[in-house]
Amino acid sequence: MTASRRSRFRSLVTALAVAPLLAAGLGAAPVAGAQDLTDGGRLGGGSSQLLLPDGVAVGSIGGPELEQVGYVDPDRYVGKWYQVAAVPQPYTLQCTNDTTAEYARISPDTISVRNSCGSAISSDSVIEGEATIRDAGTNASLRVNFPQVPFQDENGPVNYRITYLADDYSVAVVGDPSRSSGFVLSRSPELGAEQWSTVRDVVEARGWWPCAFLTVPMAGGRGDVTPLCLLP
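Residues numbered from 1 in each chain as written. Predicted model: local features only at pLDDT ≥ 70, side-chain atom pairs only at ≥ 80, totals over all residues. Heavy atoms only, no water.

1. A word on the environment of Tyr82
- Relative to the assigned elements, Tyr82 resides in strand β1 (residues 79-86).
- We classify Tyr82 as buried; its relative accessible area is 19%.
- Tyr82 sits 105 residues away from Arg187 along the chain, and the two C-alpha atoms are 6.0 Å apart.
- If we skip the residues at most four places from it in the chain, Tyr82 touches Thr99, Thr100, Val184, Leu185, Ser186, Arg187, Ser188, Pro189 and Met218. (Helix = DSSP H or I, 4+ residues; strand = E, 2+ residues; numbered from the N terminus. Buried < 20%, exposed > 50% of the residue type's maximum accessible area, 1.4 Å probe, protein only. Contact = heavy atoms within 4.5 Å.)

2. Digging into helix α3 (residues 193-205)
- Relative to the 18 Å expected for 13 residues at 1.5 Å per residue, α3 spans 18 Å between its end C-alpha atoms, a close match to the ideal helical length.
- When α3 is considered as a whole, its buried residues turn out to be Trp196, Val199, Arg200, Val202 and Val203. In a view along the axis of α3, the buried residues occupy a sector of 165 degrees, so they form one face of it. Opposite the buried face of α3, by more than 90 degrees, sit the exposed residues Glu194 and Ala205.
- At its buried positions, α3 is contacted by β1, β6 (160-165), β7 (171-175), β8 (182-186) and β9 (214-215).
- Backbone geometry just after α3 places Gly207 at a positive phi near 95 degrees. (Expected span 1.5 Å × (residues − 1). Arc of directions from axis to C-beta.)

3. Regarding the nonpolar core
- Val72, Tyr77, Tyr103, Tyr160, Ile162, Leu165 and Leu185 are the most contacted members of the largest nonpolar core, which has 26 residues in total.
- Every element with two or more residues in this core is listed here: β1, β2 (95-107), β3 (110-119), β4 (126-133), β5 (141-145), β6, β7 and β8.
- Counting 21 residues, the second-largest nonpolar core is a separate cluster that includes Val184, Val199, Val216 and Leu231. (Core = buried A, V, L, I, M, F, W, Y, C linked by side-chain atoms within 4.5 Å.)

4. Describing the packing of aromatic side chains
- For the structure shown, the criterion picks out 4 aromatic pairs.
- Plain terms: the ring middles of Tyr103 and Tyr160 are 6.2 Å apart, the flat faces sit at 80 degrees to each other, and that makes the pair edge-to-face. Within this pair, whereas Tyr103 is found in strand β2, its partner Tyr160 is found in strand β6, the two being separated by 57 residues in sequence. Considered together, Tyr103 and Tyr160 belong to a single accessibility category, that of buried residues.
- Where Trp208 meets Phe213, the ring centres are 5.3 Å apart and the plane angle is 90 degrees; that geometry is what we call edge-to-face. In this pair, the class of Trp208 matches that of Phe213, namely buried.
- Of the aromatic side chains, those joined through ring pairs into one cluster are Tyr77, Trp81, Tyr103 and Tyr160.
- Taking NZ or CZ as reference, Arg187 lies 3.8 Å from the ring centre of Trp81, over its face. (Phe/Tyr/Trp six-rings, centres within 6.5 Å; stacked < 30°, edge-to-face > 60°. Lys NZ or Arg CZ within 6 Å of the ring centre and 35° of its normal.)

What follows is the structure, given as structure tokens:
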């Protein structure tokens, strides 16, 4: 494939990945004076606070619900993560770069969540909440809630599931059980070629469409927005 054809294909795939959100009217500009539901930016770890229409799963190619890893040590999992790729979400449209998530242990089953991102339309793109462990046997399925976001059910179903975790806790892939969200988290803003290859293999094996994942521009990491399926 020539460079020009590859560029056109990249643009097409990027548009296809974002199109379902725009078609649903979820990409509309904020109304002046209204509460900005996108404040806080990308959720660095995969919690869908806004529901898509029934049957719509932006990144999923179908199949059983997203599987989880066998065990997560919460004390090793907490700390700072860089969101290096994600399936675009309605509440992340304002985010342009440098998306991070910071987790801290509050109690045996509760973790604080602080998400932030660079934004062209908000000077303070930060949101804080809590994640409650729902599967004490594995610690791999949680419910994330943010007090600032309306229409939430604090007792709702799991919306954050860890489906891949490197042995050294350097890279994680998470999403909700239906795979309508998906996030690639890294302890470093930059992944090597072998790590990206592993991530792509995991995403496909878990039932996502890899072209729905877009890289996130990051200081010290990739500076572009490219579908995961097009990475070398």
